[in-house]
Amino acid sequence: MKRKDLLGIQDLDRQEIIDILDTAENLQEISTRPIKKVPTLRGKTVINLFFEASTRTRTSFEIAGKRLSADVVNVTASTSSVSKGETLIDTARTLDAMAADCVVIRHGSSGAPHTIARLTKARVVNAGDGAHEHPTQALLDALTIRQRKGRLDGLKVAIIGDITHSRVARSNAHLLTKLGSHVWLCSPPTLMPVGACDLVTTNREFLHRTHSMEEALSGADVIMMLRVQFERMDESFFPSTREYFRCYGLTRSKVERAQEDAIIMHPGPMNRGVEIATDVADGPYSVILDQVSAGVAVRMAILFLMLGGQS
Amino acid sequence: MDLLVKNGRVLDPQRKLDSPADILDILIRDGKIRSIGKELTADVPQFDAGGFIVAPGFFDIHVHLREPGTEEAETIATGGAAAVAGGYVAVAAMPNTRPSNDGPSITAYIIAEARRSSPALVFPIGAISKEQKGETLAEIGEMVEAGIVAISDDGKPVMDARLFRRALEYAQLFDLPVIQHCEDLNLSKGGVMHEGAFSARLGLKGIPSSAEDTMVSRDLILAEATGGKYHVAHLSTRRAVEMVRKAKAEGAKVTAEVTPHHFTLTDAAVAEYDTNAKMNPPLRSQDDVDAVREGIADGTIDAIASDHAPHHINLKMLEFDRAPFGITGLETAVGLAFTQLQLSLPRLIEMLSLNPQRIMRVTPWGIFEGSDAHLTILDPSRRWKFDVNKSKSKSRNSPFHGWDLSGKAVATIVGGKLVYEDRK
């Protein structure tokens, strides 16, 4: 990978995205072997620097690194000197001084990985920054869709829920429009960011907005439900979870508006009964667990392309 | 102080000195202009202003000197040094010190410390409310006695309309301008940049234009109802400019200022999460920049003020959403005004000196006999690069580091004393 860091999908071009997805697909097989490990990244050090709680993303990066034989070290904010008041910049420089090859960072502040990337020799992978981007999530979502649908171009993808606070929505909007999917962002008017129509800078005609779930779902090939991020809400965006579920929760009857073979995705963790009904989450069209396994493959691909060599 | 300023092109639009033929000498005796004429001689130190413009000294009516309380970021001495290096003979200091300048003792301290350590004149602005809390009026009259020139709660806008009404009423007793940082704090809560395409892309919480617009709108109504003198700090939105324009046309006693960053930069400057692009009001859209430039051109906006807001580098090294708002500006304002705005020299001098003096109702200075000798000497064609590391300010938070500018103050004279000089 030519670029030093993976900070967001907005920076990537179409071919870079395809290269990552192809590499991920090739690496997927490793996870099906009885001995799920190759020596490719032996001697490389990957630091998972997580300032926000995360189980699935951190574990996914850890497994990805270990399957490629990298040494993976997990640092969480609660155990690091961050809680002693150390600045982000000092933390980054400290890790750099330990000759980490790659720092995977999750942070509650948008742009924190960019600050770290500017100051470190180590390559930086953004594992989610504030409400900005979550590039590996979008890549794993794209891989999941491509494997289920055989393509990305021409698909209708409905991304429904709390768009304002969602880095997943942003990264997916960038990625999917770059690869020719029609993305429909759907949320209550209070959870659609001002400026959302200018969210993507290329293929802008592939990005659509609506407040109508019916419009978003109608003929959709992919339904991506977003978690309502209560922890980021400091004001009243909707009256109650009951009302939210009535208006924007995905139920079996609403799914019927989509294509018959529509797949249902969720980046997790889910609020069952808020944005998605349990029977839908666990139903036959749900690919939520496929997303998780694609996540390991995509993160292996990123680490391989960044630290290993050629695709 | 005595000084003979020789051969400058003297330019004071208020005194009808606006012709390129006005190449004159200015003789300063005891800090005051004694005479203006051709080929003056005197046995005093000389300053050769040949090829330069000699203008009434510039006055920045919106700065934060941080003293008392946050001297690690700036002091009255370093802020004053930055001011004269930027071509300013005077600054008006906002009251958000620690403690706030909400009573005569802090006012007196600032004035005494400025006399002791600052090369620039310092005019304190008092708080509207005690501790800038927006609850009860500060001792405005006591502070006027001590030397304030205006009142403002600055970065803590007065949300309580009733209190702001009372402030506009009460300030009339002293003919004092009431300055508002226009921001509805409920609408802007949690916001860190302008709300628009860039905030959507960057995943940063936005400060909507409406936060400024609704406050300007409310205040203009209160100003009209009370007859108070109302000054809008750092206008940044199209609608706010339009409302001020309309109010002025209707004869309201309203004045307005703009910062160089609001006529120079847009919210695109935040793209790399540069904390030096974080200020309040935030950098707005291109349309807003166009609007403030129109407001400058047609006289809606009276003054250019820097909103010089030094912050220690430790704070600006934080994550974008945790870093404080504000940038330094004293040393770049004049250069940016020259470089960015296609204004006539008389209009530039009006916005940087004459109007600021009028807004703050200070004893006027200019190029006339008997005036205090506060002069700014300009080289409108000087090309220079701003190097933040050579700044006289204690802080380094400027987005203009490395910018090429053309037009510069090359000397500053305060009370007849040459306090800054930058010859090639």
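Residues numbered from 1 in each chain as written. Chains lettered and ligands numbered in written order. Predicted model: local features only at pLDDT ≥ 70, side-chain atom pairs only at ≥ 80, totals over all residues.

What follows covers the overall build of chain B. Secondary structure assignment for chain B yields 13 helices and 18 strands. On C-alpha atoms alone, chain B measures out to a radius of gyration of 20 Å, which is about the 22 Å that the 2.2 N^0.38 rule sets for 424 residues. Along the first, second and third principal axes, the C-alpha atoms of chain B reach 60 × 45 × 45 Å. (Helix = DSSP H or I, 4+ residues; strand = E, 2+ residues; numbered from the N terminus. Rg over C-alpha atoms; globule rule 2.2 N^0.38 Å.)

Take helix H11 (residues 288-308) of chain A next. Taking 1.5 Å as the rise per residue, H11 of chain A with 21 residues should run 30 Å; its terminal C-alpha atoms sit 29 Å apart, in good agreement. Across the 21 residues of H11 of chain A, 15 count as buried, placing the element largely inside the fold. (Expected span 1.5 Å × (residues − 1). Buried ≥ 20, exposed ≤ 12 C-beta atoms within 10 Å, placed from the backbone.)

Attention shifts here to the sheet that holds strand S4 (residues 123-129) of chain A. What links the strands of a sheet is backbone hydrogen bonding, and the strands pair in either a parallel or an antiparallel sense. All names here are of chain A. Read across the sheet, four strands follow the order S2-S1-S3-S4 without closing on themselves; strand pairing throughout is parallel. The strands lining the two open edges of the sheet, one partner per strand, are strand S2 (71-76) and S4. Across the sheet, the mean angle separating the axes of adjacent strands is 15° when strand polarity is ignored. In terms of strand pairing, strand S1 (residues 45-50) meets S2 through six bridges, oriented parallel. (Pairing = 2+ DSSP bridges. Axes fitted to C-alpha atoms, helices over the stretch in contact; angles between N-to-C directions.)

Residue and element names in this part refer to chain B. Most of strand S7 (residues 88-93) sits out of view: six of its six residues are buried. In this sheet, S7 lies alongside strand S6 (residues 58-63) in parallel orientation, the contact comprising four bridges. Residue pairing across strands places phenylalanine 59 opposite alanine 90, the latter belonging to S7. Between the parallel pair S6 and S7, the chain is carried across by helix H1 (residues 76-85), and the sense of this crossover is right-handed. Sheet analysis places S7 next to strand S8 (residues 121-126), joined by four bridges and oriented parallel. Bridging across to S8, valine 91 finds its partner in valine 122. (Right-handed = clockwise from strand over helix to strand, strands pointing away.)

Taken as a class, soluble globular proteins show a tendency for nonpolar side chains to be buried jointly. Within the largest apolar cluster, 133 residues are counted, with the highest numbers of intra-cluster contacts made by Val54 and Ile151 of chain B. The two domains that each donate at least three residues to this core are domain 1 (3-53 + 370-421) and domain 2 (57-360) of chain B. The contact partners of isoleucine 151 of chain B, leaving out residues within four places of it in the chain, are Ile125, Gly126, Ala127, Ile128, Ile140, Ala167, Ala171, Leu176, Val178 and Ile179 of chain B. Leu95, Val228, Ala258 and Ile302 of chain A belong to the second-largest nonpolar core, a separate cluster that totals 99 residues. (Core = buried A, V, L, I, M, F, W, Y, C linked by C-beta atoms within 7 Å. Domains from an automatic or database assignment. Contact = placed C-beta atoms within 7 Å.)

So, about the domain arrangement of chain B. All names here are of chain B. According to the domain assignment, chain B contains domain 1 (3-53 + 370-421) and domain 2 (57-360). A C-alpha centroid distance of 25 Å is found between domain 1 and domain 2. Taken together, the contact pairs 30 residues of domain 1 with 44 residues of domain 2. Counting residues per element, the side of domain 1 that touches domain 2 draws most heavily on strand S17 (residues 404-414), at seven residues. Across the side of domain 1 that touches domain 2, the residue classes tally to 14 nonpolar, eleven polar and five charged. (Nonpolar A, V, L, I, M, F, W, Y, C, P; charged D, E, K, R; others polar.)

Interface size is often expressed as the accessible area that is lost when the parts come together. Residues and elements named next belong to chain A. Taken domain by domain, chain A holds domain 1 (9-132 + 295-308) and domain 2 (135-291). The C-alpha centroid of domain 2 is placed 25 Å from the C-alpha centroid of domain 1. With 21 residues of domain 1 at the contact, the number on the domain 2 side is 20 residues. Those elements giving two or more residues to the side of domain 1 that touches domain 2 turn out to be helix H1 (14-27), S4 and H11. Sorting elements by how many residues they give to the side of domain 1 that touches domain 2 places H1 first, with six residues.

Another point: the sheet that holds strand S15 (residues 303-304) of chain B. Residues and elements named next belong to chain B. Pairing within the open sheet is parallel, and its eight strands lie in the order S6-S7-S8-S9-S10-S13-S14-S15. In the strand order of this sheet, the two ends are held by S6 and S15, each with one partner. Sheet topology note: the strand S13 (residues 230-232)/strand S14 (residues 254-258) ladder contains three bridges and is parallel. Paired with histidine 231 across the bridge in S14 is threonine 255. Helix H7 (residues 209-226) rests against strand S10 (178-180), S13 and S14 of the sheet, and its axis sits at about 165° to S13.

As a further point, take the pairing of S8 of chain B. All names here are of chain B. Burial analysis of S8 places six of its six residues in the buried class, which makes it a mostly covered element. Neither face of S8 is open: one carries Leu121, Phe123 and Ile125, the other Val122, Pro124 and Gly126, and all of them are buried. Following the backbone out of S8, through helix H3 (residues 140-146) and into the adjacent parallel strand S9 (residues 150-152), one traces a crossover that is right-handed.

Tracing the sequence through the fold places aspartate 282 of chain A in the loop between helix H10 (278-281) and H11. On the basis of neighbour count, aspartate 282 of chain A is assigned to the exposed category, with 12 C-beta atoms found within 10 Å.

All names here are of chain B. Packing of helix H4 (residues 161-170) against H7 brings their axes to within 9 Å, and their N-to-C directions diverge by 40°. Taken as axis vectors, H4 and H7 run oblique relative to one another. For the pair H4 and H7, the crossing hand works out as right-handed. Note on element contacts: H7 touches H4 through Arg218, Asp219, Leu222, Ala223 and Thr226, opposite Ala161, Phe164, Arg165, Leu168 and Glu169. Split into classes, the residues belonging to the contact of H4 with H7 amount to five nonpolar, one polar and four charged. (Parallel < 35°, antiparallel > 145°, perpendicular 65-115°, else oblique. Left-handed = near helix turned anticlockwise from the far one by under 90°.)

Let us look at the packing of helix H5 (residues 135-149) of chain A against helix H6 (residues 167-178) of chain A. Residue and element names in this part refer to chain A. For the pair H5 and H6, interaxial distance at closest approach is 8 Å and the crossing angle is 55°. Comparing the axis directions of H5 and H6 gives the class oblique. Crossing of H5 over H6 shows right-handed handedness. Listed contacts from H6 to Pro135, Gln137, Ala138, Leu139, Asp141 and Ala142 of H5 are Val168, Ser171, Asn172, Leu175 and Leu176. In terms of residue class, the contact of H5 with H6 is made up of seven nonpolar, three polar and one charged.

Take H1 of chain A next. In this model, H1 of chain A (14 residues) spans 20 Å end to end at C-alpha, consistent with the 20 Å of a helix rising 1.5 Å per residue. On the buried face of H1 of chain A, the contacting elements are H5, H6 and H11 of chain A.

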